[in-house]
Amino acid sequence: MADDELSRLAGRHGVATRYEDWRGRDTAVAPDTLVAVLAALGVDASTSAAVRAELERHRERSRGLPPNLLVHHAAGETAGRVRAALRRHLESGEDAEAEIKTGVDEVLAPPHDSGERPFEPLPGSGDVPLGWHHLRVRHGSTWLSTMLLVAPDSLRPPPREWGFTAQLYSVRSSASWGLGDLRDLVDLATWSGRELGAGFVLVNPLHATEPVPPVGPSPYSPMSRRFPSPLYLRIEDMPEYALLPAEDRERFGALAAKLRAQEGLLDREAVWAAKLEAFEAMYRVRQERDPGFEEFRRRERDALGPFSTWCAISEEQGTTDWRRWPSRLHDARDRGVLEAREYDRRAAFHAWLQWRLDGQLADAQRAARDAGMAVGIVHDLAVGVPHGSADTWMYGGLCAPGISVGAPPDEFNQRGQDWGQQPWRPGALAGGGYRPFREMAAAALRHAGGIRLDHAMQVSRLWWVPEGASPAEGTYVRYDREALLGCLAWEAERFGAVVVGEDLGTVEPGLREELADRGVLGTSLLWFERDAGGRPKPPGQWRELSLATVGTHDMPPITGFVHGDHIALRDRLGLLTRSRAEEEDDHRRQLDDWLAVLHAQGLLGSAPADVMRALADGSTAYDEEIVTALHDFLTRTPARLIGVSLADAVGERRTQNQPGTTDEYPNWRVPLADQDGVPVLLDDLRTGKALRLFRRAST
């Protein structure tokens, strides 16, 4: 087939035919990759004739209105913006007759009958309210319909605040069941807000995990991003616990004590088995037909029904991977699944768990605000879900078959990355009004002060890797950035929340600027903040609209980093792409640069040369001074939000996640501990026994 025709077809569907690699070199995408990616988008590019037919089909589909129309709100001028957009799409120099039905199709809103609301003429000028509306336009002798989103022009920036960032599952207390839970989140927010003046707590994704073993440890590879995990429920805070017979409460108390006494790595499967037993006992004594539960089910029905059914079938089949189920169960929307009454009772149980989670999530945000936090709880949203997961079953037609999301080769991962996560098909997502994406955002925001979007590039482009190819043999696929950012901004506006985008790594040109224009905060990571010459960036040159932190969960805490623990670990695991000596030399240079900046700023009292000699000797004498100085540096930047890792605050050295590994390192299973590896409980933080970072300031 002609390469130019294939390239044109790829371009029409947002598939990159060339890209700039991490060394700045222009790189061509192989034709085989383009054909495979286009096939996943439902586009046949297998032959020259097929390519030409698809080009013609695309031209036909491009005529008329798109499935969604987005304009940004401008007081008194929004209707004019809508009319201008219609003229542009209809290629008409005149205003067409248009009618609008306002305030419909909002996600997670109380059910109402929008059919009784009439269409009204779209005014030639004036305002149109924020939100989703139905729009229809007379075009010749026919009416064309589309959905209209009027999105905020820009979100209001949050006040300048600091807060803890935490992997909640690792933050245990003397009352939790072996994993940090939502009561621990309440207590962490209450204590840090009232006692330390924190304005927010940022936690890892609380997305749903497997309802049957094995329970995956990674919060960034969930079964569903739409629903949270019952693992985070505090058993004793569920109203049904008080209704249990005394002998049951005694038995569950013993189970919890056994989990609390376990040493070593976190054991999600043991916690899930114990909690599931308690959940089932409480479900048996629940109030039948509770009005609150029935209202919750009505509000969540479109997604809750399929998700809870997926949980029930997974239990029956003994696996969460629906691709291994009988073929009659492969499609969540198939009539055979919808009419399969044998799953109703168990599905109702899993729906009830989601209701109780909704209540405890609301309690956490309420406690955070009551403690004086200006923002409150900030939830993290993972970039995707694995193949065979709940979301890929629920939204099967929207997901790209035979494709995994990953990242091209870069300085830190020179083989590229395949995350094993199945992406949305951009056109199918748009055709459905972005509803699953909007529901995911709204579900996280309704009981939160904000969300962090992991890998913020997901709203603009993702690196697609065809099945059987290496990560280096992928390409970028474009998403409608303006539409997805508009969806996020409107949901955040609805709930009065802040949005943070994790824009680290290879970032598409213009993305950071557009995030800022829409009021979405970026992420500034101290170790990566360097000027054009590679030197540490002075605090005055940092971005204001950002969440500033020292490190991230994919790096060791500060103490481990300055001692080079990450280099020793990557060397032991065979992950280095150059010699250990080269890595250590580069590490020492970068660390020496930062210590010099801290000293020049008056934040590090000790001489950098003395600190470097001590670190070379393995001494921990300066550890607390370094950690404190780095965070003091963050306060000199203009960043609106400053994140302090709870692991840094207690002196932890071990990393939570080592990219490039699965079982070689205990990713996401490391309990919060001090510099000696001794577990730290939330109780220890509240008493001040383990809080090292704030020690100097309080003496």
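Residues numbered from 1 in each chain as written. Predicted model: local features only at pLDDT ≥ 70, side-chain atom pairs only at ≥ 80, totals over all residues. Heavy atoms only, no water.

### Overview of the nonpolar core
- Residues Trp 464 and Trp 527 are the most contacted members of the largest nonpolar core, which totals 181 residues.
- Element by element, the count of residues in this core is highest for helix 10 (residues 344-370), at 12 residues.
- Those residues in contact with Trp 527, other than ones at most four positions away along the chain, are Val 550, Gly 551, Met 555, Phe 561, Val 562, Leu 591, Trp 594 and Leu 630.
- By size, the runner-up hydrophobic cluster in this structure holds 16 residues, among which are Leu 69, Val 71, Ala 79 and Val 150. (Core = buried A, V, L, I, M, F, W, Y, C linked by side-chain atoms within 4.5 Å. Buried < 20%, exposed > 50% of the residue type's maximum accessible area, 1.4 Å probe, protein only. Helix = DSSP H or I, 4+ residues; strand = E, 2+ residues; numbered from the N terminus. Contact = heavy atoms within 4.5 Å.)

### With respect to the packing of helix 18 (residues 580-600) against helix 20 (residues 623-635)
- Relative orientation of the contacting elements helix 18 and helix 20 amounts to 70°, with a least axis distance of 10 Å. One element, helix 18, and the other, helix 20, form an angle in the roughly perpendicular class. Where helix 18 crosses over helix 20, the two elements pack in a sense that is left-handed. Contact residues: Trp 594, Leu 595, Val 597 and Leu 598 in helix 18; Ile 626, Ala 629, Leu 630 and Phe 633 in helix 20.
- Of the residues contributing to the contact of helix 18 with helix 20, the split by class is eight nonpolar, no polar and no charged. (Axes fitted to C-alpha atoms, helices over the stretch in contact; angles between N-to-C directions. Parallel < 35°, antiparallel > 145°, perpendicular 65-115°, else oblique. Left-handed = near helix turned anticlockwise from the far one by under 90°. Nonpolar A, V, L, I, M, F, W, Y, C, P; charged D, E, K, R; others polar.)

### Quick notes on the sheet that holds strand 19 (residues 498-501)
- In spatial order, the strands read 19-16-12-9-8-22-21-20; together these eight strands make up an open sheet with parallel pairing. At either end of the open sheet lies a strand with only one pairing partner, and these are strand 19 and strand 20 (522-525). Across this sheet, the average inter-strand angle for adjacent strands is 25°, counted without regard to direction.
- Looking at chain direction, strand 12 (residues 376-381) and strand 16 (residues 450-453) are connected through four bridges and run parallel. Counterpart to Val 378 in the pairing with strand 16 is Gly 450.
- Relative to the sheet, helix 20 contacts strand 21 (546-549) and strand 22 (641-645), its axis offset from that of strand 22 by approximately 165°. (Pairing = 2+ DSSP bridges.)

### Description of the environment of Asp 418
- For Asp 418, the location among the structural elements is in strand 15 (residues 417-422).
- When the C-alpha atoms of Asp 418 and Gly 406 are compared, they prove to be 4.2 Å apart, with 12 residues separating the residues in sequence.
- Each residue touching Asp 418, except ones within four places of it in the same chain, is listed here: Ser 404, Val 405, Gly 406, Val 465 and Pro 471.
- Looking at Asp 418, its side chain comes within polar contact range of the main-chain nitrogen of Gly 420, at 2.9 Å. (Polar contact = N/O pair within 3.5 Å; in protein donor to acceptor, adjacent residues only side chain to side chain.)

### Section: the packing of helix 6 (residues 246-261) against helix 7 (residues 268-284)
- The geometry of helix 6 relative to helix 7 is characterised by a closest axis approach of 10 Å and an angle of 165° between their N-to-C directions. Regarding the angle of helix 6 to helix 7, the classification is roughly antiparallel. Helix-helix and strand crossings are classified by hand; for helix 6 and helix 7 the assignment is left-handed. From helix 6, Arg 251, Phe 252, Leu 255 and Leu 259 reach across to helix 7, where they touch Ala 270, Val 271, Ala 274, Glu 277, Ala 278 and Ala 281.
- For the contact of helix 6 with helix 7, a count of residues per class yields eight nonpolar, no polar and two charged.

### Some points on the packing of aromatic side chains
- A full pass over the atoms with the stated rule returns 19 aromatic pairs.
- Aromatic rings pair up to connect Trp 527, Trp 542, Phe 561, Trp 594 and Phe 633 into one cluster.
- Sitting over the ring of Trp 132, Arg 438 keeps its end group 4.0 Å from the ring centre. (Phe/Tyr/Trp six-rings, centres within 6.5 Å; stacked < 30°, edge-to-face > 60°. Lys NZ or Arg CZ within 6 Å of the ring centre and 35° of its normal.)

### Let's talk about the pattern of salt bridges
- If you walk through the whole model with that rule in mind, you get 56 salt bridges.
- Between Arg 686 and Asp 187 there is a salt bridge whose closest N-O contact spans 3.8 Å. Within this pair, whereas Arg 686 is found in helix 22 (residues 682-687), its partner Asp 187 is found in helix 5 (residues 182-196), the two being separated by 499 residues in sequence.
- Judged by its relative accessible area of 38%, Arg 686 is partly exposed.
- A salt bridge links Asp 531 to Arg 535; its shortest N-O distance comes to 3.4 Å.
- The class for Asp 531 is partly exposed, based on a relative accessible area of 21%.
- By sharing partners, the salt bridges in this structure join Asp 105, Arg 226, Arg 299, Glu 300, Asp 358, Arg 435, Arg 438, Glu 439 and Arg 446 into a single network. (Salt bridge = Lys/Arg side-chain N within 4 Å of Asp/Glu carboxyl O.)

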